[in-house]
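Examination of the molecular architecture
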Amino acid sequence: MKLTKIFATIFIMALLTFTLNSCKKCKGEDPQARITNNGTKDASVQIKTSGGNTVNINNVAKGTSSAYDNFAEGDVTFTITIDKIVYEKVVTMSKCFQYDIVIDSNNNLTSVPVDRNA
């Protein structure tokens, strides 16, 4: 009888662990990022990925956001030009996260990560 209780407990714990792991919304997907421009003027953005590729997003209008784009995990460099002034932000991106790269009203850059499993 005691052995049956041990097996039942192990079975229930394994079932619970499997159930909790299968509820994840993101299953090892690459990180995503977008630019939100709350700055003083339109922004042009050059994104250098961790793999060395470059993506350009031109003319992100003041008060708007770009669409999310996928990147490989690792260090991603965002070079943003506003009214001929260059700003740079390096963000270490992880799988299953999405990042809002925000240009604030003083043209300062911040990165806001959001876990897609939360």
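Procedures and definitions
Residues numbered from 1 in each chain as written. Predicted model: local features only at pLDDT ≥ 70, side-chain atom pairs only at ≥ 80, totals over all residues. Heavy atoms only, no water. Helix = DSSP H or I, 4+ residues; strand = E, 2+ residues; numbered from the N terminus. Buried < 20%, exposed > 50% of the residue type's maximum accessible area, 1.4 Å probe, protein only. Pairing = 2+ DSSP bridges. Axes fitted to C-alpha atoms, helices over the stretch in contact; angles between N-to-C directions. Phe/Tyr/Trp six-rings, centres within 6.5 Å; stacked < 30°, edge-to-face > 60°.

Moving on to unusual backbone geometry. Although it is not a glycine, Lys-84 adopts a positive phi angle of roughly 70°. Looking at the secondary structure, you find Lys-84 in the loop between β6 (74-82) and β7 (85-93). Here Lys-84 falls in the exposed class, since its relative accessible area comes to 80%.

With that out of the way, let us pick up the sheet that holds β7. Taken together, four strands build an open sheet; the order of strands is β3-β2-β6-β7 and the sheet is antiparallel. Both edges of this open sheet fall to β3 (54-60) and β7, since each of them pairs with a single strand only. Taking each pair of neighbouring strands and ignoring which way they run, the sheet shows an average axis angle of 15°. The pairing of β6 with β7 spans nine bridges and is classified as antiparallel. Looking across to β7, one finds that Thr-77 is bridged to Val-90.

Right, let's get into the packing of aromatic side chains. Tallying each qualifying case throughout the model produces two aromatic pairs. Ring geometry for Phe-71 and Phe-78: centres 6.5 Å apart, planes at 75°, overall edge-to-face. On the basis of relative accessibility, which here comes to 0%, the residue Phe-78 falls in the buried class. Residues Phe-97 and Tyr-99 carry aromatic rings whose centres are separated by 6.2 Å and whose planes lie at 35° to one another, so their mutual orientation is tilted.

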